[in-house]
Every structure is written in structure tokens, then in C-alpha cells.
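Structural characterization, general
If you want the building blocks of each chain, they are given just below.
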Amino acid sequence: MKEKYLQDLKEIREMMSRSSRFISLSGLSGISAGIVALVGAYLIHSFVFEGGDYLTFEKVVLPGDALTDLLLIGLGTLVVSISLVIFLTTRETKKRHQKVWDQQTRRILISLSIPLVTGGIVCLVFLSHGYAGLVLPMTLVFYGLALVNASKYTLDEIRNLGLLEIVLGLLAFQFISFGLILWAVGFGLLHIVYGIIVKTKYPA
Amino acid sequence: MKELLNALDKAFENRVRLAIMSALVVNDFLDFNGLKELLGVTDGNLASHLKTLEKKDYIRYQKEFMDRKPNTKYFATDTGKEAFKKHINAIEQMLKQ
């Protein structure tokens, strides 16, 4: 008798989480996004910030080609990592025989994009006024907020990842000369570590 | 013990109906196909269980057209959510004994 009801409770819990959370996050996509971010940080370090002190609260004028480089590298990093995440997550979802484009994915993408788009616009405004140094901490903070916001629809680990990104972003605001290093830790190292955690904790 | 048994909701004795209700209380709504995939049951089976819950006023539906195809969205009603909560409490009480 008791067994039946224990089983019922277990099924209720399982159904609640399966119907409302996106659980096919691919650990590999975290790892590869992290590697792409590290490459991006290195490129920015050697092509954009080399030879000038841009990581300050001061208004700095980036030479025209440095600004183009910054935007190109930034955009390139974003496009490559998002494509990799989409590709690997789609593969993972198919492996688990779940639908890629359903209510859950839509919901998660919407809750991610509200803070991300807001942050992106704020960054562009600051960049266009010459505050290049502030953009790095800002991306960390807004990305962290986006993760926290979306985490209720996916694995619990994502919430902690988001909180860590926010802390790193705030640190990067205060210790602005370490902005790029903290950015590399947040977008590179943390993604790799979280990718490995997700991969070992939720094997397909 | 007998009182506790009476507190259990007959509508949720069935596994499929229990699963439908679990999914609907944590989502704003789910459509027919979404439910079908989630539960892995046939159209007819799902439809008959949905009808049972509907008759008890635990769920309601809304018909819409998406790309000219009919699409039915299912929602848990307040009555349904209340009944579900009661049912789970009853199970918990029973397991405590």
C-alpha cells in the first residue's frame, strides 16, 4: 500500500520537473563555449588592449581600428559560441528523444534574452561614448542576471553559475584593471568547469 | 486510516490522470500534443482521461487555430489545483503513519 503512494509521489515529482524544466543542457556546449571565450579574450588582449590603458573608469578614445577589432572579435566570439551551444544542445536533446523547440525552450530563451538584450544595448551605449573599460564588467553582470532569470526553467546549477558571474562582474567593476582577466575567468573558465560538472552529473 | 483513504481523490487514482494534473499545476498551460509526448500515451487514452478531469471541473480547455490547424490548450482550474494539493497532503499523511 505504502509503496504505491511512494511511487505516486515519485512520479508526480518527476512529471513536474520534466514538464517544466529544460534538462537536456549539454555539458560539452559549456566546455566549448568556454574555450571560445578564452580565445576571444586572448585576441582582445593582443589586438585591442595591447599598448594602451583602456581598462579604467576614464573616458578613453579607442583608435578606430581597435574599436572595429573589438566589435569584430566580440561579435565573432558570440556567434561562434552560440552556434556551438545550439548545435550541441540540439544533438543532446535528440539523444534524449525530446523536442528541441517546445514551450520550455521558448520560455527559457525569452527569459534569457530580456536581461541580455537590455545589457547589450547598455554596453553599446557606453562603448559609443568611449567607456570601453566598463563594457567587460557589464557583460558579466548582465549575463549573470540572465542566467539567474532563466534558471527556474532548467537545471539548478545554472542559478549558481549566474550568481558567480554576477559576483565576478561586480569585482571587475571595482578592480577594473583586471577586467579582462575576470572576464576570461567568467566566460571561459567557469563555463568549462560547469560544462564538466553538468557532463558528469547528468550523463546522457 | 479509513478517513485518510476517503481524503484521497478518486480522480487521481489513475496514473495518467495524476500525471496530467502534475504537469498542469506547474505550467500555465500545455497543449494536447505536448501532454501526449510528455505522458507517452495514445490520443484516445489521453482524450478520455482529459474528459474525466474536465467533468470534475479540475481542468479547462481552450480551442485555437495555429496555422489553420486546431490546437487545444489545457489549463488546471483553481478547483483542480486545490483538489490536487489535498490529494498530495492525504498521501503524505498516509505515509507518516
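Here the residue numbering is sequential within each chain, running from 1 through the sequence in written order. The naming scheme follows written order: chains are lettered A onward, ligands numbered 1 onward. Reporting of local features is limited, given that this is a predicted model, to residues whose pLDDT is at least 70; pairs of side-chain atoms are given and counted only at 80 or more, and all residues count toward the totals for whole chains, interfaces and linings.

With respect to the overall build of chain A
Each helix is a run of H or I in the DSSP string that is no shorter than four residues. Each strand is a run of E no shorter than two, and both are numbered from the N terminus. When helices and strands are counted, chain A shows seven helices and zero strands. In sequence order, the secondary structure elements of chain A are arranged as α-α-α-α-α-α-α. Its C-alpha atoms give chain A principal-axis dimensions of roughly 75 × 30 × 25 Å. Going through the 204 residues of chain A one by one, you find that 39% of them count as buried. Exposure is read from a count of other C-beta atoms within 10 Å of each residue's own; the residue is exposed at 12 or fewer, buried at 20 or more and partly exposed in between. C-beta atoms are placed from the backbone.

Considering the environment of Gln-7 of chain A
Residues and elements named next belong to chain A. Here Gln-7 shows up in helix H1 (residues 2-20). Using a count of 11 C-beta atoms within 10 Å as the deciding quantity, one classes Gln-7 as exposed. Distance in space between the C-alpha atoms of Gln-7 and Thr-154 is 24 Å, their sequence separation being 147 residues.

With respect to the interface of chain A and chain B
Size of an interface, as often reported, equals the accessible area lost when the parts are brought together. Contacts are defined on C-beta atoms placed from the backbone: any two residues whose C-beta positions lie within 7 Å are in contact. With 15 residues of chain A in contact, the opposing surface of chain B contributes 14 residues. The class makeup of the residues in the side of chain A that touches chain B is six nonpolar, three polar and six charged. Classification used: nonpolar for Ala, Val, Leu, Ile, Met, Phe, Trp, Tyr, Cys and Pro, charged for Asp, Glu, Lys and Arg, polar for all others including Gly.

Overview of the packing of helix H2 (residues 15-26) of chain B against helix H3 (residues 32-39) of chain B
All names here are of chain B. Where H2 meets H3, the closest approach of the two axes is 11 Å, and the angle between their N-to-C directions is 120 degrees. Comparing their axes, H3 and H2 come out oblique. The chirality of how H2 crosses H3 is right-handed. The residues of H3 that touch H2, namely those facing Val-16, Ala-19, Ile-20 and Ala-23, are Leu-35, Leu-38 and Leu-39. Along the lines of polarity and charge, the residues of the contact of H2 with H3 split into seven nonpolar, no polar and no charged. Here the axes come from fitting lines to C-alpha atoms, over the contacting stretch only for helices, and the angles between their N-to-C directions go from 0 to 180 degrees. Here is the rule for angles: anything less than 35 degrees is roughly parallel, anything more than 145 is roughly antiparallel, 65 through 115 is roughly perpendicular, and the remaining ranges are oblique. Less than a right angle of anticlockwise turn of the near helix away from the far helix marks a crossing as left-handed, whereas a clockwise turn marks it as right-handed.

Remarks on the sheet that holds strand S1 (residues 30-31) of chain B
All names here are of chain B. Two strands pair under a simple rule: DSSP has to find at least two bridges between them. Read across the sheet, three strands follow the order S1-S3-S2 without closing on themselves; strand pairing throughout is antiparallel. Two strands bound the open sheet, and with one partner strand each, they are S1 and strand S2 (59-66). Note that S1 and strand S3 (residues 69-76) share two bridges and pair antiparallel. Each bridged residue has a counterpart across the sheet, and for Asp-31 the counterpart in S3 is Lys-73.

A look at the nonpolar core
Nonpolar side chains in soluble globular proteins tend to be buried together. Core analysis: the largest hydrophobic core is formed by 42 residues, its most contacted members being Ala-146, Ala-150 and Trp-183 of chain A. Looking at this core, the elements that each hand over two or more residues are helix H2 (27-47), helix H3 (64-95), helix H4 (103-128), helix H5 (132-150), helix H6 (157-174) and helix H7 (179-201) of chain A. Of the residues forming this core, the biggest block, 13 residues, is contributed by H5 of chain A. Ignoring anything within four residues of it in the chain, the contact list for Ala-146 of chain A reads Leu-112, Pro-115 and Leu-116 of chain A. One nonpolar core equals one set of buried Ala, Val, Leu, Ile, Met, Phe, Trp, Tyr and Cys residues connected by C-beta atoms within 7 Å. Counting 21 residues, the second-largest nonpolar core is a separate cluster that includes Met-15 of chain A together with Ile-20, Ala-23 and Leu-53 of chain B.

Some points on the environment of Tyr-143 of chain A
Residue and element names in this part refer to chain A. Within the secondary structure layout, Tyr-143 lies in helix H5. When the C-alpha positions of Tyr-143 and Glu-50 are compared, they lie 26 Å apart, and in sequence the two are 93 residues distant. With sequence-adjacent residues up to four places away left out, Tyr-143 is seen in contact with Leu-116 and Glu-165.

What to know about the pairing of S2 of chain B
Residue and element names in this part refer to chain B. Strand direction decides the pairing type here: S2 and S3, joined by eight bridges, are antiparallel. Counterpart to Met-66 in the pairing with S3 is Lys-69. As consecutive antiparallel partners, S2 and S3 are separated by two residues, and within that stretch Asp-67 has a phi angle of approximately 50 degrees, a positive value.

As for the confidence of the model for chain A
Across chain A, the average pLDDT comes to 88, with 98% of residues at or above 70. Across chain A, H6 of chain A holds the top mean pLDDT of 96, while H1 of chain A sits lowest at 85. pLDDT expresses, on a scale from 0 to 100, how confident the predictor is about each individual residue.

Some remarks on the environment of Arg-96 of chain A
Considering the arrangement of structural elements, one finds Arg-96 of chain A in the loop between H3 and H4. Along the chain, Arg-96 of chain A and Val-36 of chain A lie 60 residues apart, while their C-alpha atoms are 26 Å from each other.

Comments concerning the confidence of the model for chain B
Residue and element names in this part refer to chain B. Summarising the model, chain B shows a mean pLDDT of 89, and 97% of its residues fall at 70 or more. Of all the helices and strands in chain B, helix H1 (residues 2-7) carries the lowest mean pLDDT, 71, while helix H4 (residues 43-55) carries the highest, 94. The ipTM value of the predicted complex is 0.83, and its pTM value is 0.75.

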